[in-house]
Amino acid sequence: MGFRGWWLQAEDLPSTVLFMKVPVRSVESGSQGYQATRGLFRRRVLPCVLTCVALGSVGCMVGPDPTPPTTVSPDSWHEELVEGVSRERVDPGAWWKRFNDPMLVELIAVAERKNLDLRTAASRIREARSLYGIAAADLYPQLSLGGDAEFTGGSQLSSQSFGAEKTNFYSADLDLGWEIDLWGKVRRSMQAAEFDVLAEIEDSRDMLITIRAEVARSYVEGRSLQGQIKSLKGIIKAQSETLSLAKKQYRQGVVTDFSVLQAEAQLQVAEAKLPALQYELAAAINRLSVLLAEPPGPLQIRFAATAEEFGVPLPPTTIAVGIPADVIRRRPDIRAAERKLGAAAANIGVAEAALYPSLRLTGQGGYSSTQFNRLISPDNLGGMFGVQINWPIFSAGRLRSMIDVRNELAYQALLSYEATVLNAIADVETALVAYGSSLREQSRLADAATTYDRAATLATDRLARGVSDLESLLNLERELLAVQQQLAIVNGQVASNAVGLYKALGGSWNIEENTLDVTAAAGTAEDAG
């Protein structure tokens, strides 16, 4: 036989609990007790469980449904496009391969495999996926298995005096706990966790784009500095020849010692600039080594060995930038902000679900016996099943305040999304200005360098024939040095600004090329340590 009871528990104001216990253990023995237990389960427990499951499956989800935000973008770029930049749709290919520099392509491939920030980003994706698994686990029943063994006994004297006997007790239990998702609290939590996973994926893509751009910029900076050093050494050689010529003419009485000292001082100034450039080159290569997660020594040697083979990589003759709407679709930081907004909206539903009653199934059942060899027997089967209903009726505004907090967080996420879109468009506009300005400067400096070089050659020839004075040649060489150094810097700036423009446009649009291999990154991390 059995019993069931309902009662209202209101031990404190914050919650009201309605609880039902249905024992499923029978006092009858043998097969009759087992059959009674089965009948009680079919008549009382099973219908209750099926009803709760049905309620959970058709339950609603409170709170707003996350929807993509609407954005208004300009129809075209404000900055006037220079020659070499077109409004055509952006090519989805790998932009770094268009610089036609195999070493650059190789270094970016190494960074994709070994960069520590990228491996950290891959770890965050795996972490977010695990957090989603934790959230999803609340949608299902939680079962736990336990056992117990107790041994009691006393001395022979105490047994005779007080009737105590040696007894043993054994049990094997299965516990059940299951909160039915009536109002979508768990499903909203899963939704928020899913958006968090997607946001981490987009953040990792943004990191991948950034690392590629930083590797390219550091590589360009290194090659640019090598070009500046090469140009400076050429000027030093030319000024050394000028100094030798000045000394020769001084011995012949053609020029004064002042002209010799002036030529010598100009040579010393040029030589003094060399150590600073060599330091900057070493620093650039060291920064590149960090991006590759490698010690700097081997890369320093490789840069020096390939200085004559590779110069500053030349950007493609034409860069397609499309329209602002393309950037909004392309850039992963915008997509990440959109996913974070979706997660914030889903969390509003989690907070709202706390206002409504919760339904939880609890149960415990198993076998118990004083004889271990008869533990698993129908006669020793019993258990308890219950239904809990919890409805907060007073919380001093805490739950409403939590909803307000979630709404404000969603509003902040919306503002962050809008700011990200504006910053993305501003990045492209700024990159267009930088790239166009550096192209114009490069063209004019190249013309100026050619003119100064021809003038210096003529002045050297005229000085050797005694037609011109040394001071004119020194002035031309000083101007030529300044122009060549600035041209070497601008050559690097053109390539670096091209990289910055590609980065601002969202990098490679090929989604496979912009996605981390999380499994490969995990393997690399395990191998590293």
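All values reported here derive from a predicted model rather than from experimental measurement. Sequence order as written defines residue numbering, which begins from 1 separately in each chain. Local features in this predicted model are restricted to residues of pLDDT 70 or higher, and side-chain atom pairs are both shown and tallied only at a pLDDT of 80 or more, whereas totals for entire chains, interfaces and linings draw on every residue. Note that the side-chain values use all heavy atoms of the structure and ignore hydrogens as well as water.

Draft legend 1. Summary view of the overall build of the chain. Going along the chain from the N terminus, every DSSP run of H or I of four or more residues is numbered as a helix, and every run of E of two or more is numbered as a strand. Across its full length, the chain holds 12 helices and eight strands. The proportion of buried residues among the 529 residues of the chain is 40%. Should any heavy atoms of two residues lie within 4.5 Å, those residues are counted as being in contact. Pairs at least 24 apart in sequence give 83% of the contacts found in the chain among residues at least 6 apart. For every accessible area listed, the method is Shrake-Rupley and the probe measures 1.4 Å; residues are considered covered only by the protein chains on display. Accessible surface, the chain: about 28,600 Å² in total, of which carbon and sulfur atoms supply 56%. Burial classification: accessible surface area is computed with a 1.4 Å probe over protein chains only, and a residue below 20% of its type maximum counts as buried, one above 50% as exposed, and the rest as partly exposed.

Draft legend 2. Geometry of the packing of helix H2 (residues 102-114) against helix H3 (residues 116-137). Axis definition: a line fitted to C-alpha atoms, limited for helices to the stretch in contact. Angles are taken between N-to-C directions and run from 0 to 180 degrees. The interhelical angle for the contact between H2 and H3, taken along N-to-C directions, is 40 degrees, at an axis separation of 6 Å. By the angle between their directions, the pair H2 and H3 is classed as oblique. Two secondary-structure elements touch here, H2 through Ala 111, Glu 112, Arg 113 and Lys 114 and H3 through Leu 116, Leu 118 and Arg 119. In this classification, Asp, Glu, Lys and Arg are treated as charged, Ala, Val, Leu, Ile, Met, Phe, Trp, Tyr, Cys and Pro as nonpolar, and every other residue, Gly included, as polar. Its residues placed into classes, the contact of H2 with H3 shows three nonpolar, no polar and four charged. Throughout this description, any angle smaller than 35 degrees is read as roughly parallel, any larger than 145 degrees as roughly antiparallel, any in the 65 to 115 degree range as roughly perpendicular, and the remainder as oblique.

Draft legend 3. Fine view of unusual backbone geometry. In this model, Asn 100 sits at a positive phi of 55 degrees, which is unusual for a non-glycine residue. Looking at the element boundaries, Asn 100 is found in the loop between strand S3 (85-86) and H2. Residues other than glycine seldom take positive phi values, yet Ala 293 does so here, at roughly 60 degrees. Summarising the element assignment, Ala 293 is placed in the loop between helix H6 (257-291) and helix H7 (296-305). Residue class for Ala 293 comes out partly exposed when judged on its relative accessible area of 32%.

Draft legend 4. Spotlight on a nonpolar patch on the surface. Taken together, the side chains of Leu 143, Leu 145 and Leu 174 present a nonpolar region at the surface, about 350 Å² in accessible area. Among the structural elements, Leu 143 can be located in strand S4 (residues 142-152). Residue Leu 143 is classed as exposed on the basis of its relative accessible area, which comes to 59%. Each patch groups residues whose relative accessible area exceeds 30% and which form no salt bridge, using 9 Å between like charges and 5 Å between nonpolar side chains of Val, Leu, Ile, Met, Phe, Trp and Tyr. What counts as a salt bridge is simple: a side-chain nitrogen of Lys or Arg found within 4 Å of a carboxyl oxygen of Asp or Glu.

Draft legend 5. Examining the environment of Phe 195 more closely. For Phe 195, the location among the structural elements is in helix H5 (residues 185-251). Measuring from C-alpha to C-alpha, the distance between Phe 195 and Ala 344 comes to 8.9 Å, with 149 residues separating the pair along the chain. Excluding residues within four positions of it along the chain, Phe 195 makes contact with Pro 66, Arg 339, Gly 342 and Ala 343.

Draft legend 6. The arrangement of the pattern of salt bridges in detail. Under the definition given, this model contains 15 salt bridges. Linking Arg 331 and Asp 333 is a salt bridge whose minimum nitrogen-to-oxygen distance equals 2.7 Å. Per residue, the accessibility class of Arg 331 equals that of Asp 333, and both read buried. Because the salt bridges share partners, they merge into one network encompassing Glu 202, Arg 205, Arg 335, Glu 338 and Arg 339.

Draft legend 7. The environment of Ala 459, seen in detail. Position of Ala 459 among the secondary structure elements: in helix H10 (residues 398-464). Ala 459 sits in the buried class, given a relative accessible area of 7%. A sequence separation of 14 residues divides Ala 459 from Leu 473, and the C-alpha atoms of the two residues are 5.5 Å apart.

Draft legend 8. Representation of the side chain of Ser 369 within the structure. Structurally, Ser 369 is set in strand S7 (residues 358-369). Other than its neighbours up to four places away in sequence, Ser 369 contacts Asn 168, Phe 169, Tyr 170, Arg 374, Leu 375 and Asn 380.

Draft legend 9. View of the packing of aromatic side chains. Pairing of aromatic side chains here covers Phe, Tyr and the six-membered ring of Trp, requires ring centres within 6.5 Å, and sorts the geometry by plane angle: under 30 degrees stacked, over 60 edge-to-face, intermediate tilted. Summed over all chains, the structure comprises five aromatic pairs. Considering the side-chain rings of Trp 95 and Phe 99, the 6.2 Å spacing of their centres and the 75 degrees angle between planes classify their relative orientation as edge-to-face. Between Tyr 219 and Phe 303 the ring centres are 5.6 Å apart and the planes differ by 65 degrees, which places this aromatic pair in the edge-to-face class. You can see Tyr 219 sitting in helix H5 and its partner Phe 303 sitting in helix H7, a full 84 residues away along the chain. For Tyr 219, a relative accessible area of 0% puts it in the buried group. Counting every residue linked through ring pairs, the aromatic cluster contains Trp 95, Trp 96, Phe 99 and Tyr 502. Lysine and arginine charges are scored as sitting over a ring when NZ or CZ, respectively, is within 6 Å of the ring centre and within 35 degrees of the ring normal. When the ring centre of Phe 303 is taken as reference, the NZ or CZ atom of Arg 223 above it lies at 4.4 Å.

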